[in-house]
Amino acid sequence: MAGGENQAEYVNGSSITSSILAAEGVEFLESSEGKVPLSSLDQKTICLFFSANWCRPCRAFIPQLVKLYNTLRNTDRNLEIIFVSFDRDENGFREHSKLMPWLAVPFDINICRRLRNHYHVVRIPSLIPLYSNGEPVEGDAVQLIEDYGIDAFPFRRERREELMAMDKMKRQGGKLDDLLVNGSRDYVVSGDGRKVLVSELVGKTIGLYFGAHWCPPCRAFTIQLKEAYNELKISQNRTFEIIFISTDRDQEEFNLHITSMPWLAIPYNDKTQQDLCRIFDIKGIPALVLLGPDGKTLSTNGRALISSYGAKAFPFTESRRVEVEAALRKEVDGLPHQVKDPKHEHVLRLDKAKAYECDFCKGQGRFWVFSCDKCDFDLHPSCLD
Ligand SMILES: [Zn+2]
Ligand SMILES: [Zn+2]
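Residues numbered from 1 in each chain as written. Chains lettered and ligands numbered in written order. Predicted model: local features only at pLDDT ≥ 70, side-chain atom pairs only at ≥ 80, totals over all residues.

Caption draft 1: The sheet that holds strand 14 (residues 338-339), seen in detail. Taken together, four strands build an open sheet; the order of strands is 14-15-16-17 and the sheet is antiparallel. With one partner strand each, in any of the chains shown, strand 14 and strand 17 (378-379) form the two edges of the open sheet. Of the pairings in the sheet, the one linking strand 14 to strand 15 (residues 348-357) comprises two bridges and is antiparallel in character. Directly across from V339, in strand 15, lies its bridge partner L348. (Pairing = 2+ DSSP bridges. Helix = DSSP H or I, 4+ residues; strand = E, 2+ residues; numbered from the N terminus.)

This is how it looks when you write it as structure tokens:
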């Protein structure tokens, strides 16, 4: 480990930071009220913020950083942020500065370039927390802040490791409260506006469904999931529940969305939505994470289980999957791989199918189909001559 890593040194005394800034040619800093002397940095936790007005991800990140900055300043943390510009001209710098309540290095292309080089900044936005010796604590903290918000403070490796360990605990600990409760909100909501206590869900098999109304593959998956859900809940009376975790764009879209769903949801704009995406490493939607009655993760690929097997996949264990797969193979034991049936002019081939309509009896089909390569003709195996 490099020197200067104890908390006291990190939090207090930034005279060395100001001397690094001075050595790179910075004479004073700017705030919205005017010039600020470098000595004002003393006794503060300093972060350098590299950003530019032409950079869309920078503009998208700033509101989150402003919120975090204001909150931390109000809770008496000695945080100061200094904007170092990647702008091409003074106008861009001025426009960009308007978005930020913190300090700025006055616009000077050469000085900004030297600071970029000094701190090895290769992309923006970049937020570099500094030790009191003026050197970076560890690289860029933008991702850490995007993942954890204000909990990321003071943006150090130890904090990152602590947060990741907490996520792992929540993922593996088997406690629904840890996953679904946020502060005083100890319930989830239903489409018709009821509140259901998280404690009532303990002991059930749970599906966490990540989706959004604007996403066409989600709409298609919702139909499959509803079919399995109704089969399990209504026909089979299983202790099963689905909690929807929304990435809808606004409250109205969310409301519209959940009223069309038979299951429960985390309320809109609740921090838990982002936390669950991070904890289960959700990279795309739709996604379905399945938790067993003990609260532990059974599968993070519930989408494939539901698409392939529907309600048959319950209780979503690996041994059940193997069993269903074997049963499905047995169904077609003794059936030919291809067949010429008098009901259709072309040869039909046996294939796995998600959902289809039989072109002979017009009934729904699943799992297996005799289908034609040349046209769209589908036939139930049971409808063969
Ligand atoms: Zn049929
Ligand atoms: Zn055909």
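Caption draft 2: Up close: unusual backbone geometry. Backbone torsion omega between I124 and P125 reads 0°, so that peptide bond is classified as cis. Phi is positive for H120, close to 50°, though the residue is something other than glycine. Under the C-beta neighbour-count criterion, H120 is labelled exposed, with 11 such atoms within 10 Å. Residue K362 is not a glycine yet carries a positive backbone phi of 70°. Positionally, K362 belongs in the loop between strand 15 and strand 16 (364-372). (Buried ≥ 20, exposed ≤ 12 C-beta atoms within 10 Å, placed from the backbone.)

Caption draft 3: Summary view of helix 9 (residues 216-235). In this model, helix 9 (20 residues) spans 28 Å end to end at C-alpha, consistent with the 28 Å of a helix rising 1.5 Å per residue. Taken residue by residue, helix 9 has C218, F221, T222, L225, A228, Y229 and L232 as its buried positions. End-on, the buried residues of helix 9 take up no more than an arc of 145°, which puts them together on one face. Turned more than 90 degrees off the buried face of helix 9, the exposed positions are P216, I223, I234 and S235. In the core, the buried residues of helix 9 are packed alongside strand 9 (205-211), strand 10 (240-246) and helix 12 (302-309). Just beyond helix 9, the residue with positive phi is N237, at close to 55°. (Expected span 1.5 Å × (residues − 1). Arc of directions from axis to C-beta. Contact = placed C-beta atoms within 7 Å.)

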